[in-house]
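The residues making up each chain are set out below.
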Amino acid sequence: GIQVEQSPPDLILQEGANSTLRCNFSDSVNNLQWFHQNPWGQLINLFYIPSGTKQNGRLSATTVATERYSLLYISSSQTTDSGVYFCAVSGGSNYKLTFGKGTLLTVNP
Amino acid sequence: EPEVTQTPSHQVTQMGQEVILRCVPISNHLYFYWYRQILGQKVEFLVSFYNNEISEKSEIFDDQFSVERPDGSNFTLKIRSTKLEDSAMYFCASSDSYEQYFGPGTRLTVT
């Protein structure tokens, strides 16, 4: 099946800093989603982005499907941005999502 | 904005007991999924459901698990005889194409 690797595994920032999270995948995809898992365990859908670039406030994402990677940018980070960020993909005739192991982001005040 | 809902939010059960986790997908969606996340690990696919039947299932989804869409709105996951290793967060998701919308999850604790 499709493989998903996220980097870095852990990231510690000071409030106000910018960050880039990366997701590499092993095959062509029909779906790529970025999630933020909050402290209560809920998965918050950030972006549906199988290709191209999207922006939502301080967050933006870019997927370069031909090179099999996606980037999530967080600008002017806030303590509430802390949590685990997951990338998940599906490909081929499958609709099921395969998740990466996530990036644990800690934003210190 | 429509959303996926799940009940209960937290369930504690004893080993060997049956549990049913409930989900209400977004109303016009046709594809339904269950995922689980053991504490500290990544989210794993369990099963997908389309047109009133299972379309795909993972190795985790053995005979102890079953899914059902008993009416036009609910989608359930049943675990027949729970084990300690079934303790996890269970997420329901639905979609009408590729993008999946996740519910808030049910935290299952097996003691």
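Our structure is the block above this text.
Quick caveat: nothing in here was measured; it's all calculated off a predicted structure.

Asker: Explain the interface of chain A and chain B to me, please; I cannot follow it from the model alone.
Answerer: When the parts of a complex come together, some accessible area is lost, and that lost area is often used as the size of the interface. At the interface, 19 residues of chain A touch 18 residues of chain B. Between chain A and chain B lies a buried interface of about 1700 Å² when both sides are counted; carbon and sulfur atoms form 57% of it. Interface area lost by chain A to chain B is led by Tyr95(A), Lys96(A) and Phe99(A), which between them contribute 35%. For the interface between chain A and chain B, the tally reads 1 salt bridge. Note that Glu56(B) is salt-bridged to Lys96(A), the shortest N-O span being 3.2 Å. Where chain A touches chain B, the interface holds 7 residue pairs in polar contact (both at pLDDT 80 or more).

Asker: Would you mind showing me how to read the layout of surface pockets here?
Answerer: Gaps left between atoms are located by rolling a probe of water-molecule size over the structure's atoms. Its volume calculated, the largest pocket comes out at about 590 Å³. Taken together, 25 residues line the largest pocket, and the ones lying closest to its centre are Gly1(A), Ile2(A), Gln3(A), Thr98(A) and Phe99(A). Elements that contribute at least two residues to the lining of the largest pocket include exactly β1 (4–7) and β10 (98–99) of chain A together with β5 (44–50) of chain B. Residue contributions to the lining of the largest pocket peak at 3 residues, all from β1(A).

Asker: How do you make sense of the sheet that holds strand β7 (residues 59–64) of chain A when you look at a structure like this?
Answerer: The strands that make up a sheet pair up through hydrogen bonds in the backbone, lying either parallel or antiparallel. Residue and element names in this part refer to chain A. Taken in spatial order, the 5 strands line up as β1-β3-β8-β7-β6 in an open sheet, and their pairing is antiparallel. Sheet topology places β1 and β6 (52–56) at the edges, where each strand pairs with a single neighbour. Averaged over all neighbouring strand pairs, the angle between strand axes comes to 15 degrees, with direction disregarded. By the bridge criterion, 5 bridges tie β6 to β7 in an arrangement that is antiparallel. Bridge assignment links Asn56 to a residue of β7, and that residue is Leu59.

Asker: Can you help me understand the side chain of Thr63(A) in this one?
Answerer: All names here are of chain A. For Thr63, the location among the structural elements is in strand β7. A distance of 2.7 Å separates a polar side-chain atom of Thr63 from the backbone oxygen of Ile49. When sequence neighbours within four positions are dropped, the list of residues in contact with Thr63 reads Phe25, Leu32, Ile49, Pro50, Ser51, Gly52, Tyr69 and Ser70.

Asker: What's the story with the sheet that holds strand β8 (residues 75–79) of chain B in this structure? I'm lost.
Answerer: Residue and element names in this part refer to chain B. Reading across the sheet, the 4 strands line up as β1-β3-β8-β7 and stay open at both edges, with antiparallel pairing between neighbours. The open sheet is flanked by β1 (5–7) and β7 (65–68), the only strands paired with a single partner. Recorded for the sheet is a direction-independent mean angle of 20 degrees between the axes of neighbouring strands. For β1 and strand β3 (residues 19–24), the ladder comprises 3 bridges, and the chain directions are antiparallel. Note on β3: the bridge partner recorded for Thr5 is Val24.

Definitions and cut-offs
- Residues numbered from 1 in each chain as written.
- Chains lettered and ligands numbered in written order.
- Predicted model: local features only at pLDDT ≥ 70, side-chain atom pairs only at ≥ 80, totals over all residues.
- Heavy atoms only, no water.
- Contact = heavy atoms within 4.5 Å.
- Buried area = accessible area lost by both parts, 1.4 Å probe.
- Salt bridge = Lys/Arg side-chain N within 4 Å of Asp/Glu carboxyl O.
- Polar contact = N/O pair within 3.5 Å; in protein donor to acceptor, adjacent residues only side chain to side chain.
- 1 Å grid on protein atoms, 1.4 Å probe; cavity = no way out; pocket = protein on both sides within 12 Å on 5 of 7 lines; lining within 4 Å.
- Points joined across faces, edges and corners; volume = space filled by probe spheres on them.
- Helix = DSSP H or I, 4+ residues; strand = E, 2+ residues; numbered from the N terminus.
- Pairing = 2+ DSSP bridges.
- Axes fitted to C-alpha atoms, helices over the stretch in contact; angles between N-to-C directions.

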